[in-house]
Amino acid sequence: MAYFIGCGIVLKQDNKYILVQETRNEKAGLYNLPAGTLELHEDFLQAVRRETKEETGVDTILEHFVGVYQTVIASGSNVVFLIFSGSVPDNAVFHSEEHEAIQAFSYEELIALDEAKRLRSPIVRKSVEDYQKGQRLPLGTVQTWHIDSLPAITVEKGH
């Protein structure tokens, strides 16, 4: 069984949603939120800022926490993503070495991409729908502690 923990962002510019087009292997051609997995010693807010910069070339203004989205794949993999929301200036220019196409889509265009099976994951549509419905929590909802060690936690039998 494999576990993947990462983050992504519902990114808006000029009332449209920014999606990146995947270029690698079976994902090639599919659209995704700017997203990725955490690196060693990185918290979620650091990771979403880094991933967004890597995948769009733009610094993002993080605004809210949208939610936790889990996908359990029949092969046994478990994918958990924390999704945030943010914005970029209307005049921001996107560029990335990872993605040839970085495009802005209206909500209706995003739904059409999903119906055409051109979104990488159900998380893309669901997180944008949740954002559209007003599901936005403060960034402080996501807590991180950086510590040197964590004592073992034991539970006595019978409890």
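Residues numbered from 1 in each chain as written. Predicted model: local features only at pLDDT ≥ 70, side-chain atom pairs only at ≥ 80, totals over all residues. Heavy atoms only, no water.

Caption draft 1: Main features of the overall build of the chain. For the chain, the count of helices and strands is three helices and seven strands. Helices and strands in the chain line up, N terminus first, as β-β-β-β-α-β-β-β-α-α. When each of the 159 residues of the chain is scored for burial, the buried share is 45%. The centroid of the 15 positive side-chain charges in the chain is displaced by 5 Å from the centroid of its 23 negative side-chain charges. (Helix = DSSP H or I, 4+ residues; strand = E, 2+ residues; numbered from the N terminus. Buried < 20%, exposed > 50% of the residue type's maximum accessible area, 1.4 Å probe, protein only. Lys, Arg positive; Asp, Glu negative; His and termini not counted. Charge placed at Lys NZ, Arg CZ, Asp CG, Glu CD.)

Caption draft 2: The layout of surface pockets, seen in detail. Quantified by volume, the largest pocket comes out at close to 620 Å³. Lining of the largest pocket is provided by 23 residues; of these, Lys27, Asn32, Val79, Phe81 and Arg120 occupy positions nearest its centre. Put simply, the parts of the chain that give the lining of the largest pocket at least two residues each are strand S4 (35-37), helix H1 (44-56), strand S6 (78-87) and helix H3 (122-132). Along the lines of polarity and charge, the residues of the lining of the largest pocket split into nine nonpolar, seven polar and seven charged. (1 Å grid on protein atoms, 1.4 Å probe; cavity = no way out; pocket = protein on both sides within 12 Å on 5 of 7 lines; lining within 4 Å. Points joined across faces, edges and corners; volume = space filled by probe spheres on them. Nonpolar A, V, L, I, M, F, W, Y, C, P; charged D, E, K, R; others polar.)

Caption draft 3: Fine view of the environment of Glu108. In this structure, Glu108 sits in helix H2 (residues 107-115). Through-space distance from the C-alpha of Glu108 to that of Ser87 is 19 Å; in sequence the pair is 21 residues apart.

Caption draft 4: View of unusual backbone geometry. Of note in the backbone geometry, His41 takes a positive phi value of approximately 65° without being a glycine. Inspection of the secondary structure puts His41 in the loop between S4 and H1. Look at His41 and you get exposed, because its relative accessible area is 69%. You will see that Lys117, though not glycine, has its phi angle at about 60°, which is positive.

Caption draft 5: Structural view of the packing of H2 against H3. In contact at an axis separation of 10 Å, H2 and H3 are set at 155° when each is read in the N-to-C sense. As far as their axial angle goes, H3 and H2 are roughly antiparallel. As for how H2 packs across H3, the hand of that crossing is left-handed. Of the residues in H3, those in contact with Tyr107, Leu110, Ile111, Asp114 and Glu115 of H2 are Val124, Arg125, Val128, Glu129 and Gln132. Taken together, the residues that form the contact of H2 with H3 break down as five nonpolar, one polar and four charged. (Axes fitted to C-alpha atoms, helices over the stretch in contact; angles between N-to-C directions. Parallel < 35°, antiparallel > 145°, perpendicular 65-115°, else oblique. Left-handed = near helix turned anticlockwise from the far one by under 90°. Contact = heavy atoms within 4.5 Å.)

Caption draft 6: Just the nonpolar core, in detail. With 20 residues, the main nonpolar core has Leu19, Ile83, Leu110 and Leu119 as its most contacted residues. Secondary-structure elements contributing two or more residues to this core are strand S2 (16-21), strand S5 (61-72), S6, H2 and H3. Excluding residues within four positions of it along the chain, Ile83 makes contact with Gly8, Val10, Leu33, Phe65, Val66, Gly67, Tyr69, Ile123 and Ser127. (Core = buried A, V, L, I, M, F, W, Y, C linked by side-chain atoms within 4.5 Å.)

Caption draft 7: Structural view of H3. Those residues of H3 not exposed but buried are Ile123, Val124, Ser127, Val128, Glu129, Asp130 and Tyr131. The inward-facing, buried residues of H3 abut strand S1 (3-13), S2, strand S3 (31-32), S5, S6 and H2. Two or three places before Ile123, at the opening of H3, Ser121 has a side-chain oxygen 3.0 Å from that residue's backbone nitrogen. Phi turns positive, to about 95°, at Gly134, one or two residues after H3. (Polar contact = N/O pair within 3.5 Å; in protein donor to acceptor, adjacent residues only side chain to side chain.)

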